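An overview of the molecular structure
Chain by chain, the residues run as shown.
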Amino acid sequence: MDLLDDFILDDVELEEDSSEAQWDNLIQQIIDGNVVPVIGADMLVESSANLHQLIIKSLAHKFELQQSPHSFSELVYDKTFLDKITNADNIYYLVNRIFAAKRFAPSQRLMRLLSVRQFPFVLTTTFTPVVEQAMRQVWGDELRTMRFNNNPAENDDIKGGADMRRPTLYYMFGRAGEGAHKYVLTDADMLDFCSSWLSNDNKVRPKNLCSELKGKYLLMLGNEYSDWLFRFIWYSIRKTNIGHGMLSYERDTVDDSLINFLTRAKAFTMADPSSVIDQIVQRLEKKLAMEERTKFDRPEENVDVFISYSRSDSDVAERLYERLTAQGRRVWFDRANLTDGGNFMEEIRKAIRTARYFIPILSDNVERERGESHVYRNEWDTAIEVATSMGRTYIIPVAREGFDFYRASIPEKMQQHNAIFYSDTDSIDAITERIIHKMNQD
């Protein structure tokens, strides 16, 4: 009996260790920019029922239906309802009118999740604009919306991996406000859309997005689908195995068979999305604080912005770093004063080559140091090589007013890029806003 007790205890400890390892993996994936939240209807508003159910209930009441439909499909094929709207496709017109007339306040837990700026790219499986409203509160005019409406001529796609670091909401199943069957209401719509997502025809499904999603960690929250439909949707997103992700669900709303399936496939499953979001925020804050103390020991790769600067301009560089970081950008600059010796210069080159943007800070200090050896000039050379191979803006010079940008001792190919000029009276927020505006023009 003692042996059995010891075995059971060891088994419990093993499960706890496994869960902690999954949490560690999730938080690190978030920091690395590899996590894409997938938001469903259960996350949208403060209600015991999800927003889809509230709309169905409202329409059933308005049209005085005897039965209480549980889905839009049941609603559309209710004889009384169908008689009153004359054509089943008019359901889309009715739903469009609802969202044209009323804005639904995003839930607190949705705002708490989307306020995490490590989540610039979000997928939603709902047609409602509530997630968009929430993201707009966080990102303002930076937010870009994209959608798949099951029309190859109109479906949006990203340009590549760097595009996923730009604040974006992607409607997987269309957006309310469009015509019949251009967003998912009924079961037939869902099957049509999923069939298109599963297509091998790159003209039908968003090729670049699907390619990038294969390597991402999907954080599924508030997606309350039946067992078979959840598997269908998850597979249709990436056309790969079910692992490398998390499903967080409301208690007693998900089939045990789905949880067992996800567990076997090594996906992370947890009940109570509100608790999960709290855990994410708390663990992420703790991890980021720890990383902040060591992140400048060596150059960081795959950042959004690499800042290059003279030590004499360190005050501007540091304030710019802080503001861009506060805006959710991953930024690296040489706070630790790395030298050009050893392997550091090669590591700096790798960091520049994998950065999305290169921002050199230019002032009269650069001109005064023209006869001296400085690492930042080597950084310029590497950035110019990268810029030459790119078809978009890569170098964004930030120059102090009074600096003769076009006659100074900087490379001619650097001068081909339009500089953002700043003065002593400009706030760092204003400079940051102009930089972000430049980034969003790509």
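Note that the coordinates shown come from a computational prediction; the quantities given were computed from them, not determined experimentally.

Under the criterion given, the structure shown has 19 aromatic pairs. Arranged with centres 5.5 Å apart and planes meeting at 40 degrees, the rings of F306 and W332 form a pair that is tilted. Highlighted residues: F306 in strand β8 (residues 305-308) and W332 in strand β9 (residues 331-332), separated in sequence by 26 residues. For the pair F306 and W332, one class covers both residues: buried. Three or more aromatic residues joined by ring pairs form one cluster here, namely F72, Y92, F99, F104, F127 and Y183. Of note, K102 hangs over the ring of F104, and the distance from its end group to the ring centre comes to 5.3 Å.

Okay, the environment of D404 next. With respect to the helices and strands, the residue D404 is situated in the loop between β11 (398-400) and α17 (412-415). Residue D404 is classed as partly exposed on the basis of its relative accessible area of 40%. For D404 and W228, which are 176 residues apart along the polypeptide, the C-alpha to C-alpha distance reads 64 Å.

Attention now goes to empty space enclosed by the protein. To find leftover empty space, a probe the size of one water molecule is rolled over the atoms. Applying the stated rule across the entire model yields two cavities of 30 Å³ or more. For the largest cavity, the calculated volume is near 50 Å³. Taken together, D42, G222, N223, E224, S248, Y249, E250, T253, V254 and P273 make up the lining of the largest cavity. Per-class residue counts for the lining of the largest cavity are three nonpolar, four polar and three charged.

By way of backbone hydrogen bonds, the strands of a sheet pair with one another, either parallel or antiparallel. Across the sheet, which stays open at both edges, the seven strands sit in the order β3-β4-β2-β1-β5-β6-β7 with parallel pairing between neighbours. Each of the sheet's edge strands pairs with one partner strand only, and the pair in question is β3 (144-147) and β7 (268-271). In this sheet, adjacent strand axes meet at a mean angle of 20 degrees when their direction is disregarded. As judged from the four bridges shared by strand β6 (residues 245-249) and β7, these two strands associate in the parallel manner. Within the sheet, the bridge partner assigned to Y249 lies in β7 and is A271. Running over the sheet, helix α7 (residues 130-139) touches β1 (35-39), β2 (121-124), β3 and β4 (168-171) and is turned about 175 degrees from β4.

Within the structure shown, the criterion is met by 22 salt bridges. The salt bridge partner of R109 is E250, with a shortest N-O separation of 2.7 Å. A residue pair is termed long-range when its members are at least 10 positions apart, and R109 in helix α6 (residues 108-114) and E250 in the loop between β6 and α11 (256-264) qualify at 141 residues. When the shortest N-O distance is used, the salt bridge between D334 and R311 registers 2.9 Å. Here R311 lies in the loop between β8 and α13 (314-326) and D334 lies in the loop between β9 and α14 (344-354), a separation of 23 residues in the sequence.

Let us look at the side chain of N96. Here N96 lies in helix α5 (residues 90-101). Polar contacts involving the side chain of N96 include one to the main-chain amide nitrogen of G177, which spans 2.7 Å. Discounting residues that sit within four places of it in the chain, N96 has contacts with A176, G177, E178 and Y183.

This part takes up helix α2 (residues 51-62). For α2, spanning twelve residues, the distance from its first C-alpha to its last is 16 Å, which sits close to the expected 16 Å at 1.5 Å a residue. Buried within α2 are the following residues: L51, H52, I55, I56, L59 and A60. Buried residues along α2 sit in contact with α3 (72-76), α5 and α7. A positive phi of about 55 degrees marks E64, the residue just after α2.

Pairing in this open sheet of five strands is parallel, and the strands run β9-β8-β10-β11-β12 from one edge to the other. Every interior strand has two partners, whereas the edge strands, β9 and β12 (420-422), have only one. When β8 meets strand β10 (residues 357-362), the two strands line up parallel, connected through four bridges. Along β10, the bridge assignment pairs S308 with P360.

The subject of this paragraph is the nonpolar core. Residues I39, L44, I91, L110, L113 and V131 are the most contacted members of the largest nonpolar core, which totals 59 residues. No other element matches the six residues that α7 contributes to this core. In contact with I39, not counting residues within four places along its chain, are L44, L110, L113, V122, L123, T124, T125, T126, V131, L221 and N223.

Our focus in this paragraph is the pairing of β4. Burial along β4 is two-sided: T168 and Y170 and L169 and Y171, pointing in opposite directions, are all buried. Pairing analysis gives four bridges linking β2 to β4, with the strands arranged parallel. What sits directly across from T124, in β4, is Y171. Pairing of β3 with β4 involves four bridges; the strand directions are parallel. Within the sheet, the bridge partner assigned to R144 lies in β4 and is T168.

Definitions and cut-offs
Residues numbered from 1 in each chain as written. Predicted model: local features only at pLDDT ≥ 70, side-chain atom pairs only at ≥ 80, totals over all residues. Heavy atoms only, no water. Phe/Tyr/Trp six-rings, centres within 6.5 Å; stacked < 30°, edge-to-face > 60°. Helix = DSSP H or I, 4+ residues; strand = E, 2+ residues; numbered from the N terminus. Buried < 20%, exposed > 50% of the residue type's maximum accessible area, 1.4 Å probe, protein only. Lys NZ or Arg CZ within 6 Å of the ring centre and 35° of its normal. 1 Å grid on protein atoms, 1.4 Å probe; cavity = no way out; pocket = protein on both sides within 12 Å on 5 of 7 lines; lining within 4 Å. Points joined across faces, edges and corners; volume = space filled by probe spheres on them. Nonpolar A, V, L, I, M, F, W, Y, C, P; charged D, E, K, R; others polar. Pairing = 2+ DSSP bridges. Axes fitted to C-alpha atoms, helices over the stretch in contact; angles between N-to-C directions. Contact = heavy atoms within 4.5 Å. Salt bridge = Lys/Arg side-chain N within 4 Å of Asp/Glu carboxyl O. Polar contact = N/O pair within 3.5 Å; in protein donor to acceptor, adjacent residues only side chain to side chain. Expected span 1.5 Å × (residues − 1). Core = buried A, V, L, I, M, F, W, Y, C linked by side-chain atoms within 4.5 Å.

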